[in-house]
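Per-entry structural report
Each chain, letter by letter, is given below.
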Amino acid sequence: MIRRSRLLWLLPVLALLGTLGWAGFTPIRVESRERVFDIPQGTYARRRAGDLVEILPDTIRLTLGLEDVLKIVNHDDVPQTFGPALMMPGQSFTLPFERAASYQFICTAHASGQLTIDVEPEPDTPWARIHWRAREWWEKRKK
Amino acid sequence: MNVKLARILLPLLLGAVVAAAEPPRISPPDDLFKAGTLSPVMAAPEITLAGSDGKPFSIARFRGKVVLLAFGFSNCGEVCPITLATLAAARRKLGADAADVQVAYVTVDPERDTAAQMKKYLASFDATFVGGVGTIAQIQAAEKSYGITVSRKVNPDGSYSLGHSSSIYLIDRAGGLRAVMPYGHPVDDFVHDIKILLRG
């Protein structure tokens, strides 16, 4: 028979083990493989006015097999260049990735004119899944 | 093992097994391009130049074919030979379908690239490739319409080398700019996307 005092420390340990087991062994599911970013209307005008507020993050992280398609939507009134594509107003550019690497792209929506896309390998080990889930949870919490 | 401990652990293990048995993730659709795609599809910007084959060079001229449009120059020692070799290999892999695929290569070096030089250079990869040459103003207009950047580096001996955007533009039979393949993709990726465009 488990004593009440033993149960008090056993339950958190079991909960932790259960959480780690779930995070490590349950396949990760995402709603969509696309990560979508918008270039808002007026971005070019703001840049011309000297406003250096960043519209998009300097670095975008993608994960193969989960979120490995980047979609940029140009809501601005002028064409915007993202990487290899010149997007007309109202146009979007959807770029899939199949190799884990760090990619540097020209991006006119950035004050620096550069965007880095870090494509990470698919988390296919228990530890990698735990790490991925923990980081996603932490980043959502920060927002 | 303690029976009560087992009673606690068993449901946890069972839950993990059930969760692990669920479908893992969303699969990409079969018609997803390897290249980046533009939506909505708009007409590929028109380019009016002289062709390396002696005929006028324009996007409209190749209407009805899938066009692979790229920018480069015949003195390029790094990027262009790889791009052109890849496109030539893709055409070979397509077999009979290659008749409906046109590679169009616009120079970014109007000072040195003549029609004759482009013809000779492109023929070393595939005799069907057509180059576009023109004046500095014409070439700059073509570059601007596709967002092409070109950087010029002058060497100590007075010669110069060029750095340039190296993506390949995929234009459908109707002249719509459908996709942009970044530099470095393998032959099979081109074959895959060209087949999608050939199907219409």
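Calculation notes
- Residues numbered from 1 in each chain as written.
- Chains lettered and ligands numbered in written order.
- Predicted model: local features only at pLDDT ≥ 70, side-chain atom pairs only at ≥ 80, totals over all residues.
- Heavy atoms only, no water.
- Helix = DSSP H or I, 4+ residues; strand = E, 2+ residues; numbered from the N terminus.
- Rg over C-alpha atoms; globule rule 2.2 N^0.38 Å.
- Buried < 20%, exposed > 50% of the residue type's maximum accessible area, 1.4 Å probe, protein only.
- Contact = heavy atoms within 4.5 Å.
- Lys, Arg positive; Asp, Glu negative; His and termini not counted.
- Charge placed at Lys NZ, Arg CZ, Asp CG, Glu CD.
- Areas by Shrake-Rupley, 256 points an atom, 1.4 Å probe, with all protein chains shown as cover.
- Pairing = 2+ DSSP bridges.
- Axes fitted to C-alpha atoms, helices over the stretch in contact; angles between N-to-C directions.
- Patch = residues over 30% accessible without salt bridge, like charges linked within 9 Å, V, L, I, M, F, W, Y side chains within 5 Å.
- Salt bridge = Lys/Arg side-chain N within 4 Å of Asp/Glu carboxyl O.
- Phe/Tyr/Trp six-rings, centres within 6.5 Å; stacked < 30°, edge-to-face > 60°.
- Lys NZ or Arg CZ within 6 Å of the ring centre and 35° of its normal.
- Disulfide = S-S within 2.5 Å.

Structural notes on the overall build of chain A
- Tallying secondary structure elements over chain A gives 3 helices and 8 strands in all.
- In terms of overall size, chain A is more extended than a compact globule, its C-alpha atoms giving a radius of gyration of 21 Å where 143 residues would be expected to give roughly 15 Å.
- For chain A, the spread of C-alpha atoms along the three principal axes comes to 75 × 30 × 20 Å.
- In chain A, buried positions account for 44% of the 143 residues.
- Considering only contacts within chain A whose residues lie at least 6 apart along the sequence, 61% involve residues at least 24 apart.
- Averaged over its 19 positive side-chain charges, chain A has a centre that lies 11 Å from the centre of its 17 negative ones.

Observations regarding the overall build of chain B
- Helices and strands together make up the secondary structure of chain B, namely 5 helices and 10 strands.
- Residue burial in chain B is summarised as follows: out of 200 residues, 44% are buried.
- Within chain B, contacts between residues separated by at least 24 positions form 72% of all contacts whose residues are at least 6 apart in sequence.
- As displayed, chain B offers around 9800 Å² of accessible surface, 59% of which is attributable to carbon and sulfur atoms.

Section: the environment of A:G83
Residue and element names in this part refer to chain A.
- Along the chain, G83 turns up in the loop between β4 (80-82) and β5 (85-87).
- Considering only alpha carbons, one finds G83 and V13, 70 residues apart in sequence, at a separation of 48 Å.
- If near-sequence neighbours (up to four positions away) are discounted, G83 is found in contact with F105 and I106.

Digging into the sheet that holds strand β1 (residues 34-39) of chain A
- Across the sheet, which stays open at both edges, the 11 strands sit in the order β1(A)-β3(A)-β6(A)-β1(B)-β10(B)-β9(B)-β4(B)-β5(B)-β6(B)-β2(B)-β3(B) with mixed pairing between neighbours. Unpaired on one side and paired on the other, β1 of chain A together with β3 (56-57) of chain B mark the two borders of the sheet.
- Here helix α3 (residues 115-123) of chain B sits on the sheet and contacts β2 (49-51), β5 (101-107) and β6 (130-133) of chain B; the angle it forms with β6(B), its principal contact strand, is near 155°.

Considerations on a nonpolar patch on the surface
- Taken together, the side chains of A:W9, A:V13 and A:L17 make up a nonpolar region of the molecular surface, amounting to roughly 310 Å² of accessible area.
- As for its position among the elements, A:W9 is in helix α1 (residues 4-25).

Considerations on the packing of aromatic side chains
Residue and element names in this part refer to chain A.
- Evaluated as defined, the whole model comprises 11 aromatic pairs over all chains.
- Residues F97 and Y103 carry aromatic rings whose centres are separated by 4.9 Å and whose planes lie at 55° to one another, so their mutual orientation is tilted.
- A network of ring pairs unites the aromatic residues F82, F93, F97, Y103 and F105 as a single cluster.
- Residue placement shows R133 over the ring face of W22; its charged tip is 4.3 Å from the ring centre.

Points about the state of the cysteines
Residue and element names in this part refer to chain B.
- On inspection of all chains with the given rule, the structure shows 0 disulfides over all chains.
- Looking at the unpaired C80, the closest cysteine sulfur is the one in C76, lying at 3.3 Å.
- On the basis of relative accessibility, which here comes to 0%, the residue C80 falls in the buried class.

What about the sheet that holds strand β2 (residues 59-63) of chain A?
Residues and elements named next belong to chain A.
- An order of β2-β8-β7 is seen for the 3 strands of this open sheet, with the pairing classed as mixed. With one partner strand each, in any of the chains shown, β2 and β7 (101-106) form the two edges of the open sheet. Between one strand axis and the next, the sheet turns through 20° on average, direction left out of account.

Looking at the side chain of B:E143
All names here are of chain B.
- When you line up the elements, E143 lands in helix α4 (residues 136-146).
- As a buried residue without a salt bridge, E143 has its nearest oppositely charged side chain in R152, at a separation of 9.9 Å.
- In contact with E143, other than residues within four places in its own chain, are F71, V108, I148 and V150.

Here we look at unusual backbone geometry
- A cis amide bond links B:S39 with the next residue in sequence, B:P40, at an omega value of -5°.
- With respect to the helices, strands and loops of the structure, B:P40 is situated in strand β1 (residues 36-43).

Remarks on the pattern of salt bridges
All names here are of chain A.
- Tallying each qualifying case throughout the model produces 14 salt bridges over all chains.
- Where R46 meets D51, a salt bridge forms, and the shortest distance between an N and an O atom there is 3.1 Å.
- Among the residues examined, R46 registers a relative accessible area of 34% and is labelled partly exposed.
- Residue classification places D51 among the partly exposed positions, given a relative accessible area of 25%.
- In this structure, a network of salt bridges that share partners links the residues R61, E120, R135, E136 and E139.

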